[in-house]
Amino acid sequence: MRGKRLAALAIGLLAVALAHSAVPEVREAYQAEARLFALDNRPGHSRLLALDLPEGKVVAELSLPPRGMSLVATPSGRYLLVSRGRDTDRQWLTVVWTGKEGERWSRPVIAKSLLLGRGWNIGHGSEPYTHGGRLLAFAEREAVAFLFTEESLAPEAAFQAERIRLPNPDHYHVVEAPEGAYLTLLARGQVVLYPRGLGGEEAGRFPCPVEHGEAFHPETGWSFFACARDVLVLEGGKERARLAYPVAGERIGAFLEGDGAFFGYSDGVKHLQRLDPKALSLTPIPLGGVYLRGASDGKRLYILLTDGRLQVREARNGNLLKEVRVAAKPFPEMDEDTGGAIYPDLALWPERGLLYASLPHLGLVAEVDAERGRVIRYLRTGGSPTRLVLVRP
């Protein structure tokens, strides 16, 4: 009897030992040439999907606090920043490690969740703000700017940032010029010049009601700011000109950078406004539809219209080159606010001549051959895909 008990004990100890024995480690690596990230903002739930290209397979799904607002990639492509909308008092800033390691791709994971402020403004399109070589994020409701390096986003590192107090809670943008940093204040309707960078002494304020939309032209040194009724032109800390909008009822809210020109746009307009930074002129370009989303690679402009058409235009004069229908039915009427992203988005893969367009109302992402002007396939994501970021090696 005792022998049986000892045998049973030995078997039990062996089982425990086997349960805790070493197992072989498998190298985590994915075969991909690029990785597309799509922010899905379905009602009551937000997630970030990672699709490896060219296969188009979903390799990861990361849960996020609903609803995501902005999605930007750091310059190295190793990290994404995702801001939560402003319709809750818990406005998380989520840091995602993309899995990019040189030529190798690993599984993307959430690296950090930061609760540092409210009213996040972290970039324009898929590009983050930078200032003085560091990443820049605004907590607009607290009137604070955070300056930090990519290294502080690493999973193993503590998040360290310089905090800069700003004049007042507002909606901000920054333009870096030779004479200093211009900070725009939408609510106050002003552009403020800081010769030694944000947080330093002011050197001037310039009136610009409801400012939204900025551009800088290195060749001339001129900075452009879209105001309610005109475009303010500054250079050397002085006002050089004001350019009246050429189309009644249409103002500029942001710019696409083209080839020797900038193209102003805003939600719901029927024209692009071509800004010649040397001649200081604005020229309207009819779209033949209503603007919804746009992107530029410097040589081509890509304009998504509300009826589901995608236009490819050359980026010097804005002439139409190709047009392709990416959505079988028009986008529903929608008005995006700061509570979360609902608009479609565009992501470019210039080396391949490809473009990706999210279709929130269809739960799809269209892959478009921009050179030939045709849809290659639809990637099925489900939900409501909105913001897109393409990360390349």
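Structure: above.
Reading the values: the criteria
Residues numbered from 1 in each chain as written. Predicted model: local features only at pLDDT ≥ 70, side-chain atom pairs only at ≥ 80, totals over all residues. Heavy atoms only, no water. Pairing = 2+ DSSP bridges. Helix = DSSP H or I, 4+ residues; strand = E, 2+ residues; numbered from the N terminus. Axes fitted to C-alpha atoms, helices over the stretch in contact; angles between N-to-C directions. Buried < 20%, exposed > 50% of the residue type's maximum accessible area, 1.4 Å probe, protein only. Contact = heavy atoms within 4.5 Å. Salt bridge = Lys/Arg side-chain N within 4 Å of Asp/Glu carboxyl O. Phe/Tyr/Trp six-rings, centres within 6.5 Å; stacked < 30°, edge-to-face > 60°. Lys NZ or Arg CZ within 6 Å of the ring centre and 35° of its normal.

Novice: Is there a simple way to explain the sheet that holds strand S22 (residues 230–235) in this structure?
Specialist: Sheets are built from strands that pair by backbone hydrogen bonding, the pairs being arranged parallel or antiparallel. Pairing is antiparallel in the open sheet, where 4 strands are placed in the order S20-S21-S22-S23. This sheet does not close on itself; its edge strands, each paired only once, are strand S20 (214–217) and strand S23 (238–244). Between one strand axis and the next, the sheet turns through 20° on average, direction left out of account.

Novice: So what exactly am I meant to see when it comes to the pairing of strand S18 (residues 190–194) here?
Specialist: Regular strands place side chains that alternate from one sheet face to the opposite one. Most of S18 sits out of view: 4 of its 5 residues are buried. Where strand S17 (residues 180–185) meets S18, 5 bridges bridge the pair, whose relative direction is antiparallel. Opposite Leu183, over in S18, you have Val192 as the bridge partner. Counting the residues in the hairpin turn of S17 and S18 gives 4 residues, including Gly189, whose phi is positive at 65°. Note that S18 and strand S19 (residues 204–207) share 4 bridges and pair antiparallel. When the bridges of S19 are listed, Val191 appears paired with Phe206.

Novice: Sorry if this is basic, but what is going on with the environment of Pro209 here?
Specialist: Relative to the elements of secondary structure, Pro209 occurs in the loop between S19 and S20. Overall, the relative accessible area of 47% leaves Pro209 in the partly exposed class. Distance in space between the C-alpha atoms of Pro209 and Ala187 is 7.8 Å, their sequence separation being 22 residues. Discounting chain neighbours no more than four positions away, the residues touching Pro209 are Gly189, Cys227 and Ala228.

Novice: I tried to follow the pattern of salt bridges on my own but got confused; where do I start?
Specialist: Two side chains of opposite charge can pair, provided their charged atoms sit close to one another. What the rule picks out here adds up to 25 salt bridges. Here Glu336 ties to Arg387 by a salt bridge, and the two come within 2.7 Å at their closest N and O atoms. One end of the pair, Glu336, is in the loop between strand S31 (320–325) and strand S32 (346–349); the other, Arg387, is in strand S36 (residues 385–391), and 51 residues separate them in sequence. Judged by its relative accessible area of 18%, Glu336 is buried.

Novice: So what exactly am I meant to see when it comes to the environment of Leu310 here?
Specialist: Mapping Leu310 onto the fold places it in strand S30 (residues 309–314). Taking the C-alpha atoms as reference points, Leu310 and Ala327, 17 residues apart in sequence, are found 9.0 Å from one another. Residues contacting Leu310, with those up to four places away along its chain left out, are Tyr302, Ile303, Leu304, Lys322, Glu323, Val324, Val326, Leu346, Leu355 and Val368.

Novice: Sorry, what's going on with the packing of aromatic side chains here?
Specialist: Each aromatic ring pair is described using two quantities: the centre-to-centre distance and the angle formed by the ring planes. Applying the stated criterion across every chain, the model contains 8 aromatic pairs. Seen in terms of ring centroids, Tyr182 and Phe225 are 5.5 Å apart; in terms of plane orientation they differ by 70°. Their pairing is edge-to-face. Linking Tyr182 in strand S17 with Phe225 in strand S21 (residues 222–226), this pair joins segments that are 43 residues apart in sequence. Taking the relative accessible area as the measure of exposure, Phe225 reaches 0% and is therefore buried. Considering the side-chain rings of Phe255 and Phe262, the 6.3 Å spacing of their centres and the 70° angle between planes classify their relative orientation as edge-to-face. Residue Phe255 shares its accessibility class with Phe262, and that shared class is buried. Taken together, Tyr129, Phe138 and Tyr172 form an aromatic cluster joined through their ring pairs. Positioned over the ring face of Tyr30 is Arg35, at 5.5 Å from the centre of the ring.

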